[in-house]
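Listed here are the chains, written in short residue letters.
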Amino acid sequence: MNWYIQAWKKWNDFSGRARRTEFWMFILVNFFVSFGLAMLETAFGSFGLISWIYSLIYLVPLLAVTVRRLHDTGKPGLWVIGMFVPLVNLVVLYFCVLDSVPGSNEYGPSPK
């Protein structure tokens, strides 16, 4: 849970590096929160407004943690644009799965 909170605290920080744990925990917790909201909206007959608002709220922190994760693998943050392009988003996902570049790189010291 600390990784998730850390990602929210750095919601507007597009510089530096993020470990795989921080990135994937943020994704995992957001998946469960979104799933829970969808279940509640289905149970109460809502039309998805709360889920839609939550998705908009966590979009910027998602972009920030993804850019930092790409920096950790030695890739430029502009690759995050590929998240919105079909098939290119698989390349971005592959980059996010890669291990960190050991030591320092142009984006800062290793977060490990």
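So, how was this worked out
Residues numbered from 1 in each chain as written. Predicted model: local features only at pLDDT ≥ 70, side-chain atom pairs only at ≥ 80, totals over all residues. Heavy atoms only, no water. Helix = DSSP H or I, 4+ residues; strand = E, 2+ residues; numbered from the N terminus. Contact = heavy atoms within 4.5 Å. Areas by Shrake-Rupley, 256 points an atom, 1.4 Å probe, with all protein chains shown as cover. Lys, Arg positive; Asp, Glu negative; His and termini not counted. Charge placed at Lys NZ, Arg CZ, Asp CG, Glu CD. Phe/Tyr/Trp six-rings, centres within 6.5 Å; stacked < 30°, edge-to-face > 60°. Buried < 20%, exposed > 50% of the residue type's maximum accessible area, 1.4 Å probe, protein only. Lys NZ or Arg CZ within 6 Å of the ring centre and 35° of its normal. Core = buried A, V, L, I, M, F, W, Y, C linked by side-chain atoms within 4.5 Å. Salt bridge = Lys/Arg side-chain N within 4 Å of Asp/Glu carboxyl O. Polar contact = N/O pair within 3.5 Å; in protein donor to acceptor, adjacent residues only side chain to side chain.

Asker: I'm lost on the overall build of the protein in this one. Help?
Answerer: Across its full length, the protein carries five helices and zero strands. Walking the protein from its N terminus toward its C terminus, one meets helices and strands in the order α-α-α-α-α. For the protein, contacts bridging at least 24 residues in sequence account for 64% of all contacts bridging at least 6. Counting every atom, the protein has about 6900 Å² of accessible surface; 73% of that belongs to carbon and sulfur. A gap of 6 Å separates the mean positions of the 9 positive and 6 negative side-chain charges of the protein.

Asker: Looking at this structure, how should I read the packing of aromatic side chains?
Answerer: Where two aromatic rings form a pair, the distance of their centres and the angle of their planes describe that pair. Taken as a whole and assessed by the stated rule, the structure comprises nine aromatic pairs. Taking 6.2 Å as the distance between ring centres and 75 degrees as the angle between the ring planes, the aromatic pair formed by Tyr 4 and Trp 8 counts as edge-to-face. With a gap of four residues between them, Tyr 4 and Trp 8 both fall in helix 1 (residues 2-9), about one helical turn apart. What makes Tyr 4 buried here is its relative accessible area of 10%. Judged by relative accessible area, which is 24%, Trp 8 ranks as partly exposed. Through a chain of ring-to-ring contacts, three or more aromatic side chains come together here, namely Tyr 4, Trp 8 and Phe 26. Directly above the aromatic system of Phe 95 lies the positively charged group of Lys 75, at a separation of 4.9 Å from the ring centroid.

Asker: Mind showing me how you'd approach unusual backbone geometry here?
Answerer: In the Ramachandran plot, Leu 87 falls in the positive-phi region, its phi being about 70 degrees despite a non-glycine side chain. Mapped onto the fold, Leu 87 is located in the loop between helix 4 (59-72) and helix 5 (88-97). Residue classification places Leu 87 among the exposed residues on the basis of a relative accessible area of 66%.

Asker: What exactly am I supposed to notice about the nonpolar core here?
Answerer: A general tendency of soluble globular proteins is for nonpolar side chains to be buried together. Phe 26 and Val 65 are the most contacted members of the largest nonpolar core, which has 18 residues in total. For this core, the secondary structure elements donating two or more residues are helix 1, helix 2 (20-44), helix 4 and helix 5. The residues contacting Val 65, other than those within four sequence positions of it, are Ala 7, Ala 18, Glu 22, Phe 23 and Phe 26.

Asker: Would you mind going over the environment of Asn 89 with me for this structure?
Answerer: With respect to the element layout, Asn 89 can be found in helix 5. Through-space distance from the C-alpha of Asn 89 to that of Thr 21 is 20 Å; in sequence the pair is 68 residues apart. Once residues lying within four places of it in the same chain are set aside, the contact partners of Asn 89 are Gly 82 and Met 83.

Asker: What's the story with the side chain of Glu 41 in this structure? I'm lost.
Answerer: When you line up the elements, Glu 41 lands in helix 2. One buried charged residue, Glu 41, forms no salt bridge at all, with the nearest opposite charge on Arg 68 at 26 Å. A distance of 2.8 Å separates a polar atom in the side chain of Glu 41 from a polar atom in the side chain of Ser 51. Residues within four places of Glu 41 in sequence aside, it is in contact with Ser 46, Gly 48, Leu 49, Ile 50 and Ser 51.

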